[in-house]
Amino acid sequence: MKQLTTLSRFVFAVVWLVPATTVAQSAWVQPKGAASVSVSFQWLDARHHLMPGDVTGPELTPWEIRKGIDVDSKWRDIGIVQSQLYVVDGDIGITDRFSLSGGVAIAAPRYLGTSPETPILDNGLFHGSFQDARIGARYMAVDKGTFVFTPFATFLFPVTDYGTFGHAAIGRGLRELQVGASVGQILMFGGAPKAYIDGWYSYALMENVSEAITLDRSTAVLQVGYFLSRRLTLIGLTTLQRIHGGIDWSDLGHDAGHTGLGAAHDQAAATRDWRLGAGVSFQVNDATSLYVSLNGMLWGEKRYNRKLCLRF
């Protein structure tokens, strides 16, 4: 009975310690009647623009011809994109197995460089606006004590009609429905819970910018947490993401301007990336925890290379 009580407390702590940006996909849910509110700040720093993998071929692509350059690497240094992101998230347990969550983000990006795409957003100043909101639901279909299996669904949508063209665009401005499932495993050492593994896969049904192009996305995430003490937890996180469709920037020819797919090249980019991060969470008291992490991109194509992401 004592071990069960310890395990229950551990599970409750995992729910509280999951970063706010991943709570909508976590395998563990809030107990019935319990609720949490998270406020997070993210600083993103993008030093390079990533290019398609085939842009370094022997022949010039339409994009290279249009720009009058011959790219000899998979990235270009044409300026810096920095962004501040503020996120407010909430999560509530409707039953011991079913929970609802929601959140809203405010973004404030800026572009520092000599190749602005638009003078409105890329003027070197931060431009703040409400970005996207989300609502989601999770149902813990399997609960074996130390192992859980939880399907989920999340709907994301723009809050305002913000700008999507420019290096310092607020966001992609697209609606999406994410469906997937997560699994969680508590690891026991010496008869006591000491760590957890939380992994999930989601498939996003995306709003498209063209009838001829699909932008559905797969995302796979693996998160590992280790309790250094009753209050301090070390967390590692890796993410793989792929767009099933989209366009290569290198395929945009002379007709790619401020209309059509030229203006939607960020929204419609066939992006692929692999990210890795680590963080630490500190349980201040029964109702408050603090979390900080550092994230970077290990590999990617066809988008900004966000080299540094600091999250609080």
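To be clear, the structure that these remarks concern was listed above.
Residues numbered from 1 in each chain as written. Predicted model: local features only at pLDDT ≥ 70, side-chain atom pairs only at ≥ 80, totals over all residues. Heavy atoms only, no water.

Observations regarding the packing of aromatic side chains
The line we're drawing: Note on aromatic pairs: the rings of Phe, Tyr and Trp (six-membered ring only in Trp) are paired at centre separations within 6.5 Å, and the planes decide the class, stacked below 30 degrees, edge-to-face beyond 60, tilted for the rest. Here a strand is any run of E in DSSP of at least two residues, a helix any run of H or I of at least four, and the numbering for each starts at the N terminus. Here the term buried applies to any residue with accessible area under 20% of the maximum for its type, exposed to any over 50%, and partly exposed to those in between, with areas from a 1.4 Å probe on protein chains only.
Applying the stated criterion across every chain yields a total of four aromatic pairs. Considering the side-chain rings of Phe41 and Tyr86, the 5.1 Å spacing of their centres and the 45° angle between planes classify their relative orientation as tilted. Of this pair, Phe41 sits in strand 1 (residues 35-50) while Tyr86 sits in strand 3 (residues 80-93); the two residues are 45 residues apart in sequence, bridging distant segments of the chain. On the accessibility criterion, Tyr86 (38% relative accessible area) is partly exposed. Consider the rings of Phe155 and Phe157, whose centres lie 5.5 Å apart with planes at 25°: the pair is stacked. Using a relative accessible area of 28% as the deciding quantity, one classes Phe157 as partly exposed.

Considering the pattern of salt bridges
This is how it is decided: We define a salt bridge as a contact between a side-chain nitrogen of Lys or Arg and a carboxyl oxygen of Asp or Glu at a distance within 4 Å.
The final tally for this structure, using the stated rule, is five salt bridges. Close ionic contact of Glu176 with Arg217 constitutes a salt bridge, the shortest N to O distance being 2.6 Å. Of the two residues, Glu176 is situated in strand 8 (residues 176-189) and Arg217 in strand 10 (residues 217-227); the sequence distance between them amounts to 41 residues. In terms of burial, Glu176 and Arg217 fall into one category: buried.

Topic: the side chain of Asp122
Counted only if it meets this: Pairing of N or O atoms within 3.5 Å defines a polar contact, subject to two protein rules: one partner must be a possible hydrogen donor and the other a possible acceptor, and residues neighboring in sequence count only if both atoms are side-chain atoms.
Along the chain, Asp122 falls in the loop between strand 4 (98-112) and strand 5 (129-139). The class of Asp122 is buried, set by a relative accessible area of 6%. A polar contact of 3.1 Å, which involves the side chain of Asp122, links it to the backbone nitrogen of His167. Here the side chain of Asp122 touches Ala168 through a polar contact of 2.9 Å, landing on its backbone nitrogen.

Points about the environment of Ser229
As for its placement among the helices and strands, Ser229 is situated in the loop between strand 10 and strand 11 (232-243). Classification of Ser229 as partly exposed rests on a relative accessible area of 37%. Residues Ser229 and Gln283 lie 54 residues apart in sequence; the distance between their C-alpha atoms is 9.9 Å. There is a polar contact of 3.1 Å between the side chain of Ser229 and the backbone nitrogen of Leu232.

Examining the pairing of strand 4
The following threshold applies: Only strands that DSSP links by at least two bridges are regarded as paired with each other.
The pairing of strand 3 with strand 4 spans 14 bridges and is antiparallel. Across the sheet, Tyr86 pairs through a bridge with Ile106, a residue of strand 4. The antiparallel pairing of strand 3 with strand 4 creates a hairpin that spans four residues between the two strands. As paired strands, strand 4 and strand 5 are joined by nine bridges and run antiparallel to one another. Looking at strand 5, one finds that Ser101 is bridged to Gly136.

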